[in-house]
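Observations on the three-dimensional arrangement
In case you want the letters, here they are:
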Amino acid sequence: MPDASVPPVLVVGAGLSGLVAATRLQAAGRAVAVWEARDRVGGRCWSVPVGPEDHRVDLGAAWHWAQHERVRALADRLEVDRVRQHEPGVALHEPTADDPVERFEWPNTPPPSWRLVGGTQALSDRLRARLETGTVRLNHRLVALRHTEAGVEARAQTPAGTRTVRPEAVVLAVPPRLAGETVAFRPAPNALLRAMRDTTTWMGTSAKAAVTYERPFWREQGIDGRVVSRAGPVHDWHDAVSPTGAAALAGFMHPPGSRSPTPSAPADQKEAIVRQLVHCFGEAAAHPTGVATCDWSRDAATTPPDESPSGSQTPPDPAPVLREAHWNGRLVLAAAETAADHPGYLDGAIQAGRRAAAALADVEG
């Protein structure tokens, strides 16, 4: 039997876009429930505690730029501090795993970017705290949506078994391609489903690594923490030192099947990562206090099983149908990939969440 306790609006996905939509709907007087497939909020904003001091390093979305005004405004409102990214300067180039690394002056000054103190997941944690207790239900994986005369019937798999609810409307705040491949829609909105399955999942084929140390020795060496590598396993390292001085590096790993693939076993990954950093920085890098990795292509709550590991790394170009309401206004999408501007980015996630809330309540988009 359907669970009659669910509020009128069900938000599927407790990433940044879903939580923005949920908090705005609640502030407008609409009762909401949020289903999240993972055992945490944040989605692709995952700020992992690494090392004995639990320094939070972003293994998902990390940066925003000056044009991303929504991120700055939301961080200010939630009292999440920002820190300017430590940029080159002097960087390193690693042509092979055996040849010496080369120092070089970064040819152009990168446009300024910022990280969030405590990581980007801090935004989702603080948005969740503004929702009424019990609003967010973790470990609820949506498997089916059915349009009914009264609204929508939604079915999820949970640790306790199948749960079915009948809200008046649903905000679908998960990557469109993932939903298009893993959720059964009845009746199937064919044009929408085609667009969902054709939409690139931002970070869907990415993998990241983070390493913490007792001190930022690379700065002592006159290096800004940026390493460009053709050898791997990480092809692009960045300084991730916190404002309190907690030392960390973070970077993007070569995908499986590339010329410099990353080992698949976690222990082998960590060994290869430390070996690479020793090659780049010397013995000062030999004793990290912590190592963490995340392969988003293997994350079932982000990327469908048949996603190519060498898929596009460019931002998505969403079809207009992804921003329209469907099923007589009962179904709206709110993932970052559906945003009208900055799709895929943090700023796009905020914009998409606001638009979805505006479609279901009398609030500004």
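Residues numbered from 1 in each chain as written. Predicted model: local features only at pLDDT ≥ 70, side-chain atom pairs only at ≥ 80, totals over all residues. Heavy atoms only, no water.

**Let's talk about the layout of surface pockets**
- Of the voids in this model, the second largest pocket is the one considered here, and its volume is about 520 Å³.
- Lining of the second largest pocket is provided by 40 residues; of these, Arg38, Ala173, Val174, Pro175 and Ala301 occupy positions nearest its centre.
- For the lining of the second largest pocket, the elements supplying multiple residues, two or more each, are α1 (16-27), β11 (141-147), α4 (176-182) and α8 (346-360).
- A per-element tally of the lining of the second largest pocket places α4 first, with 3 residues.
- Looking at side-chain class alone, the lining of the second largest pocket contains 26 nonpolar, 10 polar and 4 charged residues. (1 Å grid on protein atoms, 1.4 Å probe; cavity = no way out; pocket = protein on both sides within 12 Å on 5 of 7 lines; lining within 4 Å. Points joined across faces, edges and corners; volume = space filled by probe spheres on them. Helix = DSSP H or I, 4+ residues; strand = E, 2+ residues; numbered from the N terminus. Nonpolar A, V, L, I, M, F, W, Y, C, P; charged D, E, K, R; others polar.)

**Some points on the packing of helix α2 (residues 69-78) against α8**
- Taken N-terminus to C-terminus, the directions of α2 and α8 make an angle of 75°; their axes are 7 Å apart at the nearest point. On the basis of their axis angle, the class for α2 and α8 is roughly perpendicular. On α8, the residues that touch Glu69, Arg70, Val71 and Leu74 of α2 are Leu346, Asp347, Ile350, Gln351 and Arg354.
- Considered class by class, the residues forming the contact of α2 with α8 number 4 nonpolar, 1 polar and 4 charged. (Axes fitted to C-alpha atoms, helices over the stretch in contact; angles between N-to-C directions. Parallel < 35°, antiparallel > 145°, perpendicular 65-115°, else oblique. Contact = heavy atoms within 4.5 Å.)

**Quick look at the packing of aromatic side chains**
- Applying the stated rule across the entire model yields 11 aromatic pairs.
- Measuring from ring centre to ring centre gives 6.3 Å for tyrosine 213 and tryptophan 218, while their planes differ by 70°; the resulting arrangement is edge-to-face. Across this residue pair, the class does not change: tyrosine 213 and tryptophan 218 are buried.
- Members of the aromatic cluster, joined through ring pairs, are Tyr213, Phe217, Trp218 and Phe281.
- Residue placement shows arginine 84 over the ring face of tryptophan 114; its charged tip is 5.8 Å from the ring centre. (Phe/Tyr/Trp six-rings, centres within 6.5 Å; stacked < 30°, edge-to-face > 60°. Buried < 20%, exposed > 50% of the residue type's maximum accessible area, 1.4 Å probe, protein only. Lys NZ or Arg CZ within 6 Å of the ring centre and 35° of its normal.)

**What to know about helix α5 (residues 190-197)**
- Among all positions of α5, only Leu192, Leu193, Ala195 and Met196 are buried. End-on view of α5: buried residues confined to an arc of 165°, all on one side of the axis.
- Against β14 (169-172), α4, β15 (184-186) and β21 (331-333) lie the buried residues of α5. (Arc of directions from axis to C-beta.)

**Comments concerning the sheet that holds strand β9 (residues 113-116)**
- Across the sheet, 3 strands lie side by side as β5-β9-β6; this open sheet has antiparallel pairing. Either end of the sheet is taken by a strand with one partner, and the two such strands are β5 (64-65) and β6 (82-84).
- Pairing of β5 with β9 involves 2 bridges; the strand directions are antiparallel. Counterpart to histidine 64 in the pairing with β9 is tryptophan 114. (Pairing = 2+ DSSP bridges.)

**Describing the side chain of serine 113**
- Relative to the elements of secondary structure, serine 113 occurs in strand β9.
- Its relative accessible area of 3% is what places serine 113 among the buried residues.
- Side-chain polar atoms of serine 113 contact the side chain of glutamate 87, separated by 3.4 Å.
- The residues touching serine 113, leaving out its near neighbours within four places in the chain, are Trp63, His64, Trp65, Val83, Arg84, Gln85 and Glu87. (Polar contact = N/O pair within 3.5 Å; in protein donor to acceptor, adjacent residues only side chain to side chain.)

These figures capture arrangement, not role.
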